[in-house]
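Structural overview
The residues making up each chain are set out below.
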Amino acid sequence: MILSSLELWLVTAAILAVGVVMLVAWKRRQERAVDAFSSQIQYLISQGGASGRIALSTEPGALGKLGGTVNKLLEDLELRGAQLQDREHLFQRLVETVHDAVLVHRKVILFANARFLALLGMKAADVVGRPLTEFVAPEYVELVENNLQRRLEGESAAERYEIELMDPQGQVTRVELSSTVIDSSGEPALLLTALEMMPGAIREVVSQKPRAMATLDAMGESVITVDAEGRIDYINHSAELLLGQQLAQVLGKTFPEVATLLDENDRRSLGDPVHKALTTSGQLVAGRRALLVPANAAAERFVEISVAPLKFEGKDISGLVLVLHDTSELRGLTRQMTYQASHDALTGLVNRREFERRLQEATDSALSSDVGHALCYLDLDHFKVVNDTCGHTAGDNMLREIASLIKDAVRDSDTVGRIGGDEFALLLVGCPLEKARQIADNVVRSVDDFRFVWKDKIFNVGVSIGLVEIGRDSGTIEDIMNAADSACYVAKKQGGLHVHVYSAREEASARHSGEIHWLLKLQGALRDNKFELYFQPIVHARAGGVSGPALEVFVRLASENGQPAAPPAEFIRAAERYRLMPHVDRWVVQAVFAALGRGGLKLPPGRSVAINIAGQTLGDTEFLEFVVDCFDHTGASPTDICFEVTESSVVASLDHAQRFIGVLHGMGCEFALDNFGSGLSSFSTLKTLPMDYLKIDGSFIKNLAGDSVNQAMVAAMIELSRSLNFRVVAEHVEDQWALDTVTGMGIDFVQGFVVGRPQPLSMVPSA
């Protein structure tokens, strides 16, 4: 049958229509297949574990499933006769549906989805055709190169590893890179997934709000969230460090299972803050200080904790947020400052201020209860001998050792304090008198058995203890301290190594007899010439010096009947108390002038001998005439004498001092201002006096090499003296470091143990 042209056209159109319908149906089947496979892949990706990470990261086989799915899709498309271009297009559509960063790589990047491009901040045209290593931080290039090559060649290599990607601006993103082999265009290629590395969090938040989690992770505060049942569902990185536990270890646990909060003072449990907040409808708990004790024995930390409710759109509480602020460093600094303010820097014992505060507390408690306490006042024997013969460094070491010895001899509940140079005190809280006496006896025995060794010398150190009971009728802390001091005085007069319990009547009698004893002793020494002269050399700090003081003389009380001589400070204090210093100074002047006149004391040419003049003596109107007479009768030359006076003594008797200094300076004597720096407020008056030398107070020279403040003050004193044409003497220079320091600062003269120790004047070398 022959068809007309119209019929032929109709048939042809029908065939074309059927073909189009079949083609459309085939395309739709392809798209449905892609959508189905995409759904499968997205399902695999969405199946994160409890940690909230996607399955590609937590399940090593998941990426293999994705690769297998891709390969199966490509095989199906090939069996159905799809063109290569169609298959590649469909594959790319498939990869674009994945939420994670995905790329296909052979020698170079063949394809990268939008998520991967976003990580790099670049467009597809800038990425495709370039190797992945161009977008990797330099230190990871070799790792990535080797892994990609081995995976493509079918060799054993890691399927997952961490690297850092770098965008054009140099910003770094850390990712976990996973790979599986797929078929692409008939050749093997790698399907790579890059997972941004961030702490595990709540599943919904990880996939939806990575920026929020990263923000929380960057916070310095420790953040913990719990659900409505009080179980932990998230902690940030700071909280992980604070607790010493990872998120995976604490998820689903209650707060008490993870850590305990204790009172920072008595370590009493503060309970569960989460339970308290939930049972009070999420009432805010803010700024509570506590000691955090992690359950896994991690380091304890001081924290301030705040708890706030979580509510969404006005609904009921869905959980809580705990914010823990680590205050350990601040608390440590505060405690250190408090410790330094209340403790003696040398021995580590409480200082006098803190000891008196605790004594006040004990005294107050004794007034309101029947509990008794005790106070012991300790005075070391022979400490000044160590200081005078070996220097202050040795004395400091001895004090540290004695302090440790005393602490070991008392109870842990007792307070040991250093309240003076070589004076200590014990506060025995809740201690009956008999027990206190036993403790004091233990201290005496411990100190008596102690031997202090310094270089080639060994010293015996004793202690005398005064003991006083603290009760309702004890009076003020000043009364108690005075009573203990008085009892210690009696113990010392009994020969040392004694504990004496305070008795008001006995103490008054003992003090009176002791004062009479000193008065008689000093009067006898003056009458019978029982004093001795010692000297200490003074040397030029710089080469070429030919004038100035060569030595300083000191007065000592002679020993009697084989007994050790009285410590200088003790008899000088007694002489000042009984106004006998003018008589002592007369004895010294007479003895020194006589030695010079008869040639018993010879000085180098241009050098002089320094003699201290006490404040009482400077105020004596007859002393000037006495000195002038001594020059006349002994034959000593005024140019051989340098008198040393202190700032305080000059200011106290300014008129007498001006006349004394003016007359003798005019005769040829020199004058040195002693202990300079301890009373700078008076210098406006002293600058009008004809002084020749300034002797810098020894407190500024001690530890000078390591004390920048003292160095600055000494430098200022030197500059001041130069402007007034005074020469400077540094005393108490006791070691080589101090000597090198003062020499480098321009000091003119040096005096101290590093130069020479005090010796009897009979041993002074010939000029």
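Rules used throughout
- Residues numbered from 1 in each chain as written.
- Predicted model: local features only at pLDDT ≥ 70, side-chain atom pairs only at ≥ 80, totals over all residues.
- Heavy atoms only, no water.
- Helix = DSSP H or I, 4+ residues; strand = E, 2+ residues; numbered from the N terminus.
- Buried < 20%, exposed > 50% of the residue type's maximum accessible area, 1.4 Å probe, protein only.
- Areas by Shrake-Rupley, 256 points an atom, 1.4 Å probe, with all protein chains shown as cover.
- Axes fitted to C-alpha atoms, helices over the stretch in contact; angles between N-to-C directions.
- Parallel < 35°, antiparallel > 145°, perpendicular 65-115°, else oblique.
- Left-handed = near helix turned anticlockwise from the far one by under 90°.
- Contact = heavy atoms within 4.5 Å.
- Nonpolar A, V, L, I, M, F, W, Y, C, P; charged D, E, K, R; others polar.
- Salt bridge = Lys/Arg side-chain N within 4 Å of Asp/Glu carboxyl O.
- Core = buried A, V, L, I, M, F, W, Y, C linked by side-chain atoms within 4.5 Å.
- Pairing = 2+ DSSP bridges.
- Polar contact = N/O pair within 3.5 Å; in protein donor to acceptor, adjacent residues only side chain to side chain.
- Phe/Tyr/Trp six-rings, centres within 6.5 Å; stacked < 30°, edge-to-face > 60°.
- Expected span 1.5 Å × (residues − 1).
- pLDDT = per-residue confidence, 0-100.

The next subject is the overall build of the protein. Counting secondary structure elements, the protein contains 30 helices and 28 strands. Looking at the protein residue by residue over its 767 residues, the buried ones come to 45%. Carbon together with sulfur atoms contributes 52% to the accessible area of the protein, which is approximately 38,500 Å² in total.

This next bit is on the packing of helix H22 (residues 581-597) against helix H24 (residues 623-634). Their axes nearest at 9 Å, the elements H22 and H24 cross at an angle of 20°. Viewed along their axes, H22 and H24 adopt a mutual orientation that is roughly parallel. Read as a crossing pair, H22 and H24 show a hand that is right-handed. The residues of H24 that touch H22, namely those facing Asp585, Arg586, Val589, Gln590, Phe593, Ala594 and Gly597, are Phe623, Phe626, Val627, Cys630, Phe631 and Thr634. In terms of residue class, the contact of H22 with H24 is built from 8 nonpolar, 3 polar and 2 charged.

With the rule as written, the count across this model stands at 22 salt bridges. Close ionic contact of Arg527 with Asp528 constitutes a salt bridge, the shortest N to O distance being 3.4 Å. For Arg527, a relative accessible area of 62% puts it in the exposed group. Classification of Asp528 by relative accessible area gives partly exposed; the value is 41%. With its nearest N and O atoms 3.0 Å apart, the salt bridge here joins Asp748 to Arg722. Here Asp748, found in the loop between helix H30 (736-744) and strand E27 (749-750), pairs with Arg722, found in helix H29 (residues 708-723); they are 26 residues apart in sequence, far enough to count as distant. Because the salt bridges share partners, they merge into one network encompassing Glu354, Arg357, Arg358 and Glu361.

With that out of the way, let us pick up the nonpolar core. Most often, soluble globular proteins have nonpolar side chains that are buried together. Ranked by size, the top nonpolar core spans 70 residues in total, and within it Val592, Phe593, Ile611 and Phe643 carry the most contacts. Here this core takes 9 residues from H22, the largest share from any one element. Cys376, Cys390, Leu399 and Ile402 belong to the second largest nonpolar core, which has 36 residues in total.

Along strand E13 (residues 415-418), one buried face is formed by Thr415 and Gly417 and the opposite face, lined by Val416 and Arg418, is buried too. The hairpin turn running from E13 into strand E14 (residues 423-428), its antiparallel successor, is 4 residues long.

With that out of the way, let us pick up the side chain of Thr741. Structurally, the position occupied by Thr741 is in helix H30. Residue classification places Thr741 among the buried positions, given a relative accessible area of 18%. Once residues lying within four places of it in the same chain are set aside, the contact partners of Thr741 are Leu704 and Ala705.

Below, the discussion takes up the side chain of Asn236. Along the chain, Asn236 turns up in the loop between strand E7 (232-235) and helix H10 (237-243). The class of Asn236 is buried, set by a relative accessible area of 0%. Polar contacts involving the side chain of Asn236 include one to the main-chain amide nitrogen of Ala239, which spans 3.0 Å.

In this section: the packing of aromatic side chains. Applying the stated rule across the entire model yields 10 aromatic pairs. Centroid distance Phe623 to Phe626: 6.1 Å. Interplanar angle 25°. Geometry classified as stacked. Taken together, the residues Phe623 and Phe626, both in helix H24 and 3 residues apart, mark about one turn of the helix. Judged by its relative accessible area of 1%, Phe623 is buried. Relative to Phe749, the ring of Tyr693 lies with its centre 5.8 Å away and its plane at 80°, an arrangement referred to as edge-to-face. Placement of Tyr693 in strand E25 (residues 693-696) and of Phe749 in strand E27 is noted, with a sequence separation of 56 residues between them. A relative accessible area of 1% places Tyr693 in the buried class. With relative accessibility at 0%, the residue Phe749 sits in the buried group.

Take the sheet that holds strand E22 (residues 607-612) next. A sheet is described by the order of its strands in space; here 10 strands give the open sequence E20-E27-E26-E25-E24-E23-E22-E21-E19-E28, paired in mixed fashion. With partners counted over all chains shown, the strands left at the sheet margins are strand E20 (539-540) and strand E28 (759-760), one partner each. Two elements, E20 and E27, share 2 bridges in a ladder whose sense is antiparallel. Paired with Val539 across the bridge in E27 is Val750. Strands strand E19 (531-537) and strand E21 (548-557) of the sheet are contacted by helix H21 (residues 568-577), whose axis makes an angle of about 80° with E21.

Right, let's talk about helix H15 (residues 352-368) for a bit. Side chains that are three or four residues apart share a direction in an α-helix, a result of its 3.6 residues per turn. For H15, which comprises 17 residues, the first-to-last C-alpha distance of 25 Å matches the rise-based estimate of 24 Å (1.5 Å per residue) to within 8%. Those residues of H15 that sit buried are Glu354, Phe355, Leu359, Ala362, Thr363 and Ala366.

Strand order in the open sheet made by the 5 strands is E13-E14-E12-E17-E18, with mixed pairing throughout. What marks the edges here is a single partner per strand, and that holds for E13 and strand E18 (499-501). Put simply, the sheet's adjacent strands are angled 20° from each other on average, direction ignored. Where strand E12 (residues 373-381) lies against strand E17 (residues 462-470), 9 bridges are found, and the strand directions are antiparallel. By the bridge assignment, Leu375 is partnered in E17 with Val468. Sitting on the sheet, H15 is in contact with E12, E13, E14 and E17, with an inclination near 30° to E14. Lying on the sheet, helix H18 (residues 433-449) is in contact with E12, E14, E17 and E18; it crosses E17 at an angle near 170°.

The next thing to look at is unusual backbone geometry. If you check the backbone angles, Asn675 has positive phi at about 55° while not being a glycine. Even without being glycine, Asn725 reaches a positive phi, approximately 60°. Relative to the assigned elements, Asn725 resides in the loop between H29 and strand E26 (727-730). In this structure Asn725 comes out as exposed when scored by relative accessible area, which is 69%.

Atom-level detail of predicted coordinates should not be read off regions where pLDDT is low. On average, residues of the protein score 78 in pLDDT, and 76% of them are at 70 or above. Element-level pLDDT for the protein is lowest in helix H2 (residues 55-58), with a mean of 31, against a maximum mean of 95 in E22. Long-range and interchain partners of residues 1-26, a stretch whose pLDDT sits below 50, account for 4 contacts in this model, where long-range means more than four residues apart. Confidence over residues 76-87 falls short of pLDDT 50; this stretch has 14 contacts with residues more than four positions distant or in other chains.

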